[in-house]
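The residues making up each chain are set out below.
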Amino acid sequence: MNTSLDPLFFSVSDTFDLPTHFKHPGISFSFHAEPVKKETLHCYDTFDWKGWNKNNTILLYRRRLNIIDLKNGREIFSVSFRKIPQSFFPNDVDNKATASKLFNLSKLRAFICYGSIETEVRSWKVLDENQKTITSVELRSIPSSNEAQKKLFVKLSPVRGYGKELQAVAGELKKHPEYVGKTTFTDFYKAVLAAGGIVPDNYSSKPFVKLKPSNTIQDSARKLLLSTFGVIQANEQWIPKTIDTEFLHDYRVAIRRTRSILAQLKRIFPPEKLSRYSQAFRELGKRTNNLRDQDVYLLQAERFRALLPVTMRESLDPFFTDLGNRHKKELRAFSRYLVSEKYRLLMQEWKSFLSNDMSSDPAITPDARKKTSDVAVSSIQKAWKKVIRHGREISRIATDTELHALRIDCKKLRYLLEFYASVFPANILRMVVCQLKELQENLGAFVDLSVQQDYLNDYLSNLQCTAENTPFAASIGGLVTALYHEREQVRMNFHKTFDKFDRPETEALFNGLFKKNR
Amino acid sequence: MKTIALYSIKGGVGKTASAVNLAYLSSLTQPPTLVCDLDPQGASSFYFRIVPNKKYSSRKFLKGDKKIYNNIKGTDFDNLDLLPADFSYRNLDIELLEEKKPQKKLKKNIEELNTEYPFIFFDCPPNLTLLSESVFTASDIILVPLIPTTLSLRTFEQLFEFFKENKLDTSKIRGFFTMFERRKVMHREIVEEYSGKKRFLNRTVPYNSEVEKMGIYRAPLNAVRPNSPAAIAYQELWEELMGEID
């Protein structure tokens, strides 16, 4: 039960002022003016604007971090926050409830300061006959490059239990000669963002291109690759800033998607170009492998520690320190590569290849003129059948190689489903992806745990055999054992998970997907 | 939700000043906090300049839930709300008699507030009545302010005996000394004797004329005179209490 009220917002013209007293039938108020002050609003959100997209505004001002409901302007959380960082993680907030709210908005992404906007604030306390504050009025001026276009907002903050009084004050304000109209917190926040030249982006790491089923596959593939190229470009400049791990993650996924399209649509691009870019993107992906592995270990540091008995946890510290140092070195090298001439030329060349007209000579690109819907159906059908065939062939013990290969098959199928999403009915596609996701999670966990064990084993074998290193080696050994048991558990669940995917219901879903485009 | 009652059989021992200041401190560290003014004199409501709605009465208070919710008012301090007392609260005892389980009435009536307020403070009237018994059931901690005098200690013992006779949980009771004047031998001796005892908090609140001036400031001392000796003592008392709760 919560009966507190929403704040009210009005826009006014720039000569707005309030009298000292006014009388409303039955209630008499006085306005207590406070000194005019400058106040900077620091606007935060994740790179993918998770706050904005979930109707939450993250604003830092008056040394407090505020999470405000974008729709009604109601303060959800307001906690002391004395720093003004370029970016922060939920864990950097001391208050548990606020940290948890931010964590629910985004588990891995940092909250980035998109801009700091200096505003001017005049405020009044509205007092009743007992000198009790019944509401407060705040006049905030938001700058604009053009002085004449600066925006003025009045915010009327409610005090619990004084709803009638709030309405009475609002009624009086509406009669004010400088009153322009009622507005909302959303408009206010949009004006703040506009003043900072900030535009909430609808960034998504997944390519979404509305494809026309009747268009040629060459045209559709180009559109898809251009969209994926957009993701590469959006992330590359952020990777060196070490804000969060997701820039590199999304960058890598975009590269994998690019490779996947190139690999699966072989006969639609000129072979020499295809070979050149397949090779270039494979190399590019490779350059980031170590960085991503290190990111994963560092992200899981706490989980790894928790896998060990308390007495062995501290001995693991040198491992993470070493990993952190390696990560810094690796990132420096990759950041240098990102600004190198070689990289710049590759991206430029790739962009112009995708933007320019391509050969549709049947001798060079025999499949280029095929209909998008036909290729979508046939390639998904092929990839799905491959997953089923390979999955059924997996032995009872489910070897590492078998599971690793199936994981790649599943990834290919998933990318295809995502590429051609706009060609298929959204509701069926969602259900298909949901089924596949469960299988992918099992396989992903298995491969991750295997890679982690291999890395640790490798690390252990390179460790010098000294008395000092004994507790360290014991901790790594303990970790390998714990990860081994986890992996075996995942392996044991594989057949059950696969059987859930390989059943008539899933088959019917896939067939439903193809039916419309057949 | 933790419920803390500021209670004493004896009047003039600093219940309201303690309730107002501790609730204010709670609102800073454990927001939001609610003060329920249960005393028909309405002293804590006065301190916060709040008057109850015209239609609010003891009857509505006893109906609970929504009736209580609609009458909660925001103070001038962020995250600190108050359920003001009405003069009709003087009839609460008689009205409670008409209820089926009067001792459990308050506990039941504030159940709905559980999700909103991590801390609720009861500012209680000075007597030992059916309302007091309802407060005892509804409270997790019963803080008893005591002036270091024999009469005050006697009422503390009376309260303790009452709890035992009625099979109530005596571990809820925590005494602490207020209006302590170091220059008085009796005050010194009593505080020394009781310091460190299981049922007592260690921190004492000194006599400070600033506490009396709360009636002029009409605000918590910790908000307007945070460096006054009494405000500092309340801050330390709150920290001690939080340490026990944790």
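Bear in mind the structure is a predicted one, so any value in this text is a computation, not a measurement. (Residues numbered from 1 in each chain as written. Chains lettered and ligands numbered in written order. Predicted model: local features only at pLDDT ≥ 70, side-chain atom pairs only at ≥ 80, totals over all residues. Heavy atoms only, no water.)

Draft legend 1. Spotlight on the overall build of chain B. Each helix and strand in chain B was counted, giving 13 helices and 7 strands. Dimensions of chain B along its principal axes, counting C-alpha atoms only, are 50 × 40 × 30 Å. By residue count, 57% of the 246 residues in chain B fall in the buried class. Total accessible area on chain B is roughly 10,900 Å²; 50% of this is exposed by carbon and sulfur atoms. A gap of 4 Å separates the mean positions of the 35 positive and 32 negative side-chain charges of chain B. (Helix = DSSP H or I, 4+ residues; strand = E, 2+ residues; numbered from the N terminus. Buried < 20%, exposed > 50% of the residue type's maximum accessible area, 1.4 Å probe, protein only. Areas by Shrake-Rupley, 256 points an atom, 1.4 Å probe, with all protein chains shown as cover. Lys, Arg positive; Asp, Glu negative; His and termini not counted. Charge placed at Lys NZ, Arg CZ, Asp CG, Glu CD.)

Draft legend 2. Quick look at the interface of chain A and chain B. In this complex, chain A contributes 11 residues to the contact, which on the side of chain B involves 18 residues. Taken together, both faces of the contact between chain A and chain B bury some 1,300 Å²; the carbon and sulfur share is 44%. For the interface between chain A and chain B, the tally reads 3 salt bridges. Notably, a salt bridge pairs Glu116(B) with Arg160(A), separated by 2.7 Å at the nearest N-O pair. The interface formed by chain A and chain B contains 8 residue pairs in polar contact (both at pLDDT 80 or more). Tallied by class, the residues present in the side of chain A that touches chain B amount to 3 nonpolar, 6 polar and 2 charged. (Contact = heavy atoms within 4.5 Å. Buried area = accessible area lost by both parts, 1.4 Å probe. Salt bridge = Lys/Arg side-chain N within 4 Å of Asp/Glu carboxyl O. Polar contact = N/O pair within 3.5 Å; in protein donor to acceptor, adjacent residues only side chain to side chain. Nonpolar A, V, L, I, M, F, W, Y, C, P; charged D, E, K, R; others polar.)

Draft legend 3. Highlighting unusual backbone geometry. The omega torsion across Pro31(B) and Pro32(B) is -15°, close enough to zero to call that bond cis. Structurally, Pro32(B) is set in the loop between α1 (15-29) and β2 (33-37). A positive phi is found at Arg62(A), a non-glycine position, where the angle reads about 50°. Tracing the backbone through its elements, the reader meets Arg62(A) in the loop between β4 (56-61) and β5 (64-69). Overall, the relative accessible area of 45% leaves Arg62(A) in the partly exposed class. Positive phi, close to 55°, is recorded for Lys167(B), a residue that is not glycine.

Draft legend 4. Broad picture of the sheet that holds strand β1 (residues 2-6) of chain B. Residues and elements named next belong to chain B. Spatially, β3-β4-β2-β5-β1-β6-β7 is the arrangement adopted by the 7 strands of the open sheet, whose pairing is mixed. Here the strands that pair on one side only, and so sit at the sheet edges, are β3 (73-74) and β7 (173-177). Where β1 and strand β5 (residues 119-123) come together, 5 bridges link them in parallel fashion. Residue pairing in the sheet places Thr3 in a bridge with Ile120 of β5. Contacting β1, β2, β4 (80-83), β5, β6 (141-146) and β7, α1 runs over the sheet at an angle of about 170° to β5. (Pairing = 2+ DSSP bridges. Axes fitted to C-alpha atoms, helices over the stretch in contact; angles between N-to-C directions.)

Draft legend 5. Region of interest: the packing of helix α8 (residues 289-299) of chain A against helix α15 (residues 426-461) of chain A. Residues and elements named next belong to chain A. Interhelical geometry of α8 versus α15 gives an angle of 95° and a closest axis separation of 12 Å. Looking at the two axes, α8 sits roughly perpendicular to α15. Contact residues: α8 offers Asp293, Val296 and Tyr297, while α15 offers Val451, Gln452 and Tyr455. Looking at the contact of α8 with α15, its residues break down into 4 nonpolar, 1 polar and 1 charged. (Parallel < 35°, antiparallel > 145°, perpendicular 65-115°, else oblique.)

Draft legend 6. Layout of the environment of Val205(B). Residues and elements named next belong to chain B. For Val205, the location among the structural elements is in the loop between α9 (185-194) and α10 (209-212). Residues Val205 and Glu98, spaced 107 residues apart in sequence, show a C-alpha to C-alpha distance of 39 Å. The residues contacting Val205, other than those within four sequence positions of it, are Phe176, Phe177, Thr178, Met179, Phe180, Ala230, Ala233, Tyr234 and Leu237.

Draft legend 7. Structural view of helix α17 (residues 504-515) of chain A. Residues and elements named next belong to chain A. For α17, which comprises 12 residues, the first-to-last C-alpha distance of 16 Å matches the rise-based estimate of 16 Å (1.5 Å per residue) to within 8%. Residues of α17 that are buried: Thr506, Leu509, Phe510, Leu513 and Phe514. Take α17 and look down its axis: the buried residues cluster within an arc of 135°, on one side only. Of the exposed residues in α17, those oriented more than 90 degrees away from the buried face are Pro504 and Lys515. Of the surrounding secondary structure, the elements contacted by the buried residues of α17 are α13 (372-393), α14 (400-419), α15 and α16 (470-501). (Expected span 1.5 Å × (residues − 1). Arc of directions from axis to C-beta.)

Draft legend 8. Structural view of the pattern of salt bridges. All names here are of chain A. If you walk through the whole model with that rule in mind, you get 39 salt bridges over all chains. Ionic pairing is found between Arg62 and Glu39, a salt bridge with its closest N-O pair at 2.7 Å. In this pair, Arg62 sits in the loop between β4 and β5 while Glu39 sits in strand β3 (residues 27-45), placing the two residues 23 residues apart along the sequence. The buried category is assigned to Glu39, whose relative accessible area is 5%. Between Glu486 and Arg303 there is a salt bridge; the shortest N-O distance is 2.9 Å. Taken together, the residues Glu486 in helix α16 and Arg303 in helix α9 (residues 301-307) connect sequence positions 183 residues apart. One connected set of salt bridges, linked through shared partners, spans Glu39, Arg62, Glu138 and Arg140.

Draft legend 9. Structural detail: the nonpolar core. Residues Leu413(A), Tyr420(A) and Phe501(A) are the most contacted members of the largest nonpolar core, which totals 99 residues. Broken down by element, this core gets its largest block of residues, 12 residues, from α15(A). Contacts of Phe501(A), omitting those with residues within four sequence positions, involve Trp384(A), Val387(A), Ile388(A), Leu413(A), Gln435(A), Leu436(A), Leu439(A), Thr506(A) and Phe510(A). Counting residues in hydrophobic clusters, the runner-up holds 56 residues, among them Phe10(A), Leu152(A), Val169(A) and Leu143(B). (Core = buried A, V, L, I, M, F, W, Y, C linked by side-chain atoms within 4.5 Å.)

Draft legend 10. Geometry of helix α8 (residues 150-165) of chain B. Residue and element names in this part refer to chain B. Its 16 residues place the ends of α8 22 Å apart at the C-alpha level, agreeing with the 22 Å of an ideal helix rising 1.5 Å per residue. Those residues of α8 lying buried are Ser152, Leu153, Thr155, Phe156, Leu159, Phe160, Phe162 and Phe163. Contacts made by the buried residues of α8 are with α7 (130-138), β6, β7 and α9. Among the residues trailing α8, Lys167 stands out with phi positive, at a value near 55°.

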